[in-house]
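# Coordinate analysis (summary)
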Amino acid sequence: MELPTTKKESLQFGLLMCFGMVLVMTMYNFFLNGTFGQITFIEGILDFLVGFIIAFILDWFLVGPLAKKIALQLTANTTKKIYTVLTISICMVIGMAFFMSIYGMIMSNLKNGFDSNTVITDYLSVYGKNIIVALPLQLIIMGPIVRYIFTKYIKSDKNKYGNIHSIS
């Protein structure tokens, strides 16, 4: 199970993971909000792009570093890489769902107006609906797919071509 070891690899891995997670979660939230068939294709693409940019910024600068720090502390006494990977994934989902649910509520309220008196209750409802899908999506589907793509096409390219100078 290869993980990113350089900033470039971390960037590539993060872009792949954000793309997949934001794509599926955007469609899921369109379905939840009843806008799946109501918005145009261009509006859907724009919503996805804005969500992707925000998610990637959160991943790269806030949630990612914090999740890794917490996960590495929690798994400091294990030598099994799978425990570290799963713990990072769980911490990432908790953090990303927390912030992206805020983003989703803001966007929904900007489009539809506030329709409730209790922002906290609405937020907890949105967060719960998002985390219940995002966690299994990350652990069972997107995480393994992205790690496979990363290992097969990104990490293997580095192994094939990355150390050209050692041949001579």
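Remember, it's a predicted structure, so these values are computed and weren't measured experimentally. (Residues numbered from 1 in each chain as written. Predicted model: local features only at pLDDT ≥ 70, side-chain atom pairs only at ≥ 80, totals over all residues. Heavy atoms only, no water.)

## Re the side chain of threonine 75
Applied cut-off: Secondary structure elements are defined from DSSP: runs of H or I of at least 4 residues count as helices, runs of E of at least 2 residues count as strands, and each element is numbered from the N terminus. Should any heavy atoms of two residues lie within 4.5 Å, those residues are considered in contact.
Examined against the element boundaries, threonine 75 turns out to sit in the loop between helix H2 (41–74) and helix H3 (81–112). Threonine 75 has contacts with Tyr83, Thr84 and Thr87, leaving out every residue within four places of it along the chain.

## As for the pattern of salt bridges
Should the charged atoms of two oppositely charged side chains come close, the side chains can pair. Our working rule: Salt bridges, as used here, are contacts in which a Lys or Arg side-chain nitrogen is within 4 Å of a carboxyl oxygen on Asp or Glu. With a 1.4 Å probe rolled over the protein chains alone, any residue whose accessible area is under 20% of its type maximum counts as buried; one over 50% counts as exposed, and the rest are partly exposed.
Using the criterion set out here, one finds one salt bridge in the structure. The partner of glutamate 9 in a salt bridge is lysine 155, and the shortest N-O contact between them spans 2.8 Å. Placement of the pair is glutamate 9 in helix H1 (residues 7–32) and lysine 155 in helix H4 (residues 119–161), with a sequence separation of 146 residues. Glutamate 9 sits in the buried class, given a relative accessible area of 4%. Judged by its relative accessible area of 6%, lysine 155 falls in the buried class.

## A closer look at the packing of aromatic side chains
Using the following cut-off: Paired rings are identified among Phe, Tyr and Trp, the last through its six-membered ring, by centres lying within 6.5 Å, and are further divided according to the angle between planes into stacked (under 30 degrees), edge-to-face (over 60) and tilted (the rest).
Counted under the stated rule, the structure contains nine aromatic pairs. An angle of 20° between the planes, with centres 6.5 Å apart, marks the rings of phenylalanine 52 and phenylalanine 56 as stacked. A residue pair is termed a helical-turn pair when its members lie 3 or 4 positions apart in one helix, as phenylalanine 52 and phenylalanine 56 do in helix H2 at four residues. Assessed through its relative accessible area of 14%, phenylalanine 56 is described here as buried. One aromatic cluster is present, built from ring pairs that chain together Phe19, Phe48, Phe52, Phe56 and Trp60.

## Focus on a nonpolar patch on the surface
Note the cut-off: Within the patch definition used here, like charges are joined within 9 Å and nonpolar side chains (Val, Leu, Ile, Met, Phe, Trp, Tyr) within 5 Å, considering only residues with over 30% relative accessible area and no salt bridge. Residue-level accessible areas treat just the shown protein chains as cover; the underlying method is Shrake-Rupley with a 1.4 Å probe.
Side chains of Phe19, Leu23, Met27, Phe31, Leu32 and Phe36 sit close together on the surface and give an oily, nonpolar patch of about 600 Å² of accessible area. Within the fold, phenylalanine 19 resides in helix H1. For phenylalanine 19, a relative accessible area of 43% translates into the label partly exposed.

## Here we look at H3
We apply this condition: What a helix is expected to span follows from its residue count: subtract one and scale by 1.5 Å.
Helix length check: H3, at 32 residues, gives a terminal C-alpha distance of 45 Å against a target of 46 Å (1.5 Å per residue), a fit within 8%. Glycine 113 sits one or two positions beyond H3 and adopts a positive phi of about 80°.

## Points about the packing of H1 against H2
We apply this condition: Axes, fitted as lines to C-alpha atoms, cover a helix only where it is in contact. Angles between the N-to-C directions of the axes lie from 0 to 180 degrees. The cut-offs work like this: below 35 degrees is roughly parallel, past 145 is roughly antiparallel, 65 to 115 is roughly perpendicular, and the gaps in between are oblique. In this scheme the crossing of two helices becomes right-handed for a clockwise turn of the near helix relative to the far one and left-handed for an anticlockwise turn of less than a right angle.
Packing of H1 against H2 leaves a shortest axis separation of 9 Å and a crossing angle of 135°. By the angle between their directions, the pair H1 and H2 is classed as oblique. The two elements H1 and H2 cross, and the hand of that crossing is right-handed. Contacts between H1 and H2 pair Lys7, Ser10, Leu11, Gly14, Leu15, Cys18, Phe19, Val22, Leu23, Thr26 and Phe30 from the former with Gly44, Asp47, Phe48, Gly51, Phe52, Ala55, Phe56, Asp59 and Trp60 from the latter.

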